[in-house]
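Tertiary structure, described
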Amino acid sequence: MLKTRMSGNEAVAHAIRQINPDVMPAFPITPSTEIPQFVASMIANGEIDTEFIPVESEHSSMSAAIGASAAGARTLTATSSCGLAFMWEVLYVAASSRLPIVMAVVNRGLTGPLNINAEHSDSMGARDSGWIQIYAENNQEAYDNFLQAYRIAEHPDVKLPVMICQDGFITSHAVENITLWDDMKMKKFVGEYEPQHYLLREDEVMAVGPYAASGYCMEAKKAQAEAMKRAKQVILDVAKEFEAITGQSYGFFEGYRMDDAEYAIVAIGSVCGTAKDAVDAMRERGLRAGLLKIRVFRPFPAQEIADALKNCRAVAVMDRAEGYNAVGGPLGAEVMAALYRAKAKAEAVNIMYGLSGRDVRVEDVEKLFDELVRLGDGEQVYSETCPYIGLRE
Amino acid sequence: MAELKQSGLAEFINETTPWHGLTEGLQIYEPATSRQFHTGEWRTNTPVWDTSKCKQCLLCVPYCPDSSIPVVGGKRQDFDLDHCKGCGICEKACPFTAISMKEGK
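All values reported here derive from a predicted model rather than from experimental measurement.

Bringing the sheet that holds strand β14 (residues 347–352) of chain A into the picture now. Residue and element names in this part refer to chain A. Overall, mixed pairing links the five strands, which are arranged β9-β11-β10-β13-β14 in an open sheet. One side of each edge strand has no neighbouring strand; the edge strands of this open sheet are β9 (253–256) and β14. Across this sheet, the average inter-strand angle for adjacent strands is 20°, counted without regard to direction. Here strand β10 (residues 263–267) pairs with strand β13 (residues 314–319) via four bridges, running parallel.

A word on the environment of K92 of chain B. Note on placement: K92 of chain B falls in helix α2 (residues 89–93). Measuring from C-alpha to C-alpha, the distance between K92 of chain B and Q56 of chain B comes to 16 Å, with 36 residues separating the pair along the chain.

This part is about helix α3 (residues 58–71) of chain A. Residue and element names in this part refer to chain A. Taking 1.5 Å of rise per residue, the 14 residues of α3 would be expected to cover 20 Å, and the 20 Å separating its terminal C-alpha atoms lies within 8% of that figure. Within α3 the residues assigned to the buried category are E58, S61, M62, A64, A65, I66, A68, S69 and A70. Immediately downstream of α3, the backbone of G72 shows phi near 115°, a positive value.

To continue, consider the nonpolar core. The biggest cluster of nonpolar side chains holds 123 residues, and the ones touching the most others in it are I164, A264 and V266 of chain A. For this core, the domains that each give at least three residues are domain 1 (2–246) and domain 2 (253–376) of chain A. With residues near it in sequence (within four places) discarded, A264 of chain A still touches M258, G290, L291, L292, L309, C312 and V315 of chain A. Core analysis: the next-biggest nonpolar cluster, separate from the first, contains nine residues, C60, I69, C90 and C94 of chain B among them.

Time to look at unusual backbone geometry. Residue and element names in this part refer to chain A. Backbone torsion omega between T111 and G112 reads 20°, so that peptide bond is classified as cis. Among the secondary structure elements, G112 is positioned in the loop between β5 (102–107) and α6 (121–125). Going from G112 to P113, the amide bond is cis rather than trans, its omega being 5°. Within the fold, P113 resides in the loop between β5 and α6. One non-glycine residue, N20, lies in positive phi territory at about 50°. Inspection of the secondary structure puts N20 in the loop between α1 (8–19) and β2 (23–26). Residue N20 is classed as partly exposed on the basis of its 15 C-beta neighbours within 10 Å. We note that R98 has phi near 60°; this positive angle belongs to a residue other than glycine.

Now for the packing of helix α7 (residues 139–153) of chain A against helix α8 (residues 183–190) of chain A. All names here are of chain A. At a closest axis distance of 9 Å, the pairing of α7 and α8 adopts a crossing angle of 25°. Accordingly, the angle class assigned to the pair α7 and α8 is roughly parallel. Counted together, L147, Y150 and R151 of α7 and M186, F189 and V190 of α8 form the full contact between these two elements. Per-class residue counts for the contact of α7 with α8 are five nonpolar, no polar and one charged.

Attention now goes to the domain arrangement of chain A. All names here are of chain A. For chain A, the assigned domains read domain 1 (2–246) and domain 2 (253–376). Taken together, the contacts link 26 residues of domain 1 with 20 residues of domain 2. Elements represented by at least two residues in the side of domain 1 that touches domain 2 include exactly α6, β6 (132–135) and α9 (214–246). Residue contributions to the side of domain 1 that touches domain 2 peak at five residues, all from α9. Among the residues forming the side of domain 1 that touches domain 2, the class breakdown is 11 nonpolar, nine polar and six charged.

As a further point, take the environment of K293 of chain A. All names here are of chain A. Its place among the elements puts K293 in strand β11 (residues 289–294). The buried category is assigned to K293, around which 23 C-beta atoms lie within 10 Å. Linking K293 and R341, residues 48 residues apart in sequence, is a C-alpha distance of 20 Å. Setting aside residues up to four positions removed in sequence, K293 forms contacts with E137, F253, E254, Y256, A267 and C272.

Definitions and limits used
Residues numbered from 1 in each chain as written. Chains lettered and ligands numbered in written order. Predicted model: local features only at pLDDT ≥ 70, side-chain atom pairs only at ≥ 80, totals over all residues. Pairing = 2+ DSSP bridges. Helix = DSSP H or I, 4+ residues; strand = E, 2+ residues; numbered from the N terminus. Axes fitted to C-alpha atoms, helices over the stretch in contact; angles between N-to-C directions. Expected span 1.5 Å × (residues − 1). Buried ≥ 20, exposed ≤ 12 C-beta atoms within 10 Å, placed from the backbone. Core = buried A, V, L, I, M, F, W, Y, C linked by C-beta atoms within 7 Å. Domains from an automatic or database assignment. Contact = placed C-beta atoms within 7 Å. Parallel < 35°, antiparallel > 145°, perpendicular 65-115°, else oblique. Nonpolar A, V, L, I, M, F, W, Y, C, P; charged D, E, K, R; others polar.

Okay, here's the thing in structure tokens:
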């Protein structure tokens with residue numbers, strides 16, 4: 001165990017060094033560029049023997065990752081924003097071919113307007129591509145999540161690709177304290193990849209991704225959907241094992257001061273650090289405030305989220321991706337659907353924040369809690385379905 | 001569409017197989033399963049081979065896009081109608097008008 005300091009990109013690269021995967025095709029894009037850059041350096045320095053494939057685009061990096069994974073190699077790549085969008089077509093192929101690829105996603109808004117800063121529109125756009133999505137609040141979580149990713153992806157009950165997401169610049173480039181785990185302990189925890197079927201197996205002929213006529217396609221999709229459901233238990237089991245080694249506790253989400261919370265914020269990513277400070281400030285003022293930080297967005301733990309929020313009077317669901325659907329963002333839609341299914345009594349509002357890296361301050365979140373109190377009292381607080389915070393009006 | 005009939009895994013997978021009976025990602029663990037897929041069912045016109053005109057020049061064989069003209073011992077056999085899609089290229093390729101297309105299967 002080593003207490004040190006590094007950026008989120010360095011933290012993920014450190015996890016990659018400890019895992020020493022077989023193949024990494026990658027194409028650079030801000031703010032994830034450093035990850036393949038660090039990996040290339042580690043290969044040049046002889047620290048790992050990963051096969052690095054410089055490709056001409058992200059469509060190619062994901063296509064090469066699919067080929068490598070189908071061949072039987074433990075495969076990864078990294079991307080952001082438009083790079084992820086350029087992979088769109090083949091993201092679905094990776095998932096439907098049930099290939100356990102891991103991808104480091106450094107969240108950045110999709111163009112346009114052209115911008116390079118933190119937003120979730122890239123990975124939220126890929127939310128229905130069949131990939132597992134795990135989000136981090138900080139560099140430690142990005143590191144820990146990446147270490148757990150292959151155990152989830154390669155599990156026989158799952159066999160699905162995984163995105164390990166962190167916020168661009170705020171997490172990927174800011175240097176924070178971190179605890180790194182022992183190499184040998186992590187190598188043992190992650191283990192070797194031993195697929196049953198793979199293209200390079202000498203004693204078996206195999207086809208991956210065949211054409212599926214309508215007589216087969218719907219059944220294949222149902223089987224894939226069921227694997228996503230089974231991933232829930234595997235994610236919890238892997239987290240438990242990781243906790244036994246490291247002491248770090250992970251689940252579908254983190255409830256921060258949620259036990260007796262009457263007013264809660266639901267959010268993803270780096271804003272949760274800010275929100276925790278706001279929760280503490282509100283608690284000092286005597287308000288039962290709490291934060292539900294979503295770690296696992298795919299599979300979506302709908303029932304568990306509804307259970308965690310069941311005693312709340314009012315809830316604000318914060319989205320860092322505009323849905324352009326005239327009602328709000330993706331997290332808002334899914335959390336509210338979960339609350340409705342669970343017949344929850346809480347008032348709920350969807351809040352848009354932090355688009356294209358717009359800063360969110362502790363005071364912004366405190367003000368949101370003040371509004372939640374009024375919302376819980378039945379007051380008509382908002383004139384819009386999904387109000388923005390941090391917006392010049 | 002034809003059912004998969006041959007040996008191996010495909011023997012157990014067909015269009016009556018429930019979703020949990022399929023392989024992961026519809027992966028196929030044996031070679032040459034396309035033989036079991038009878039694309040001949042798509043055919044709307046059928047080639048007819050006139051053996052009295054055929055000189056066994058074998059020009060039709062490489063022209064066939066679906067490898068549906070089997071050759072045994074250097075001599076072409078009758079059409080493999082399980083896989084012939086009825087495109088009619090062989091009719092055009094034959095220098096001896098030994099192949100004609102008839103309407104229907």
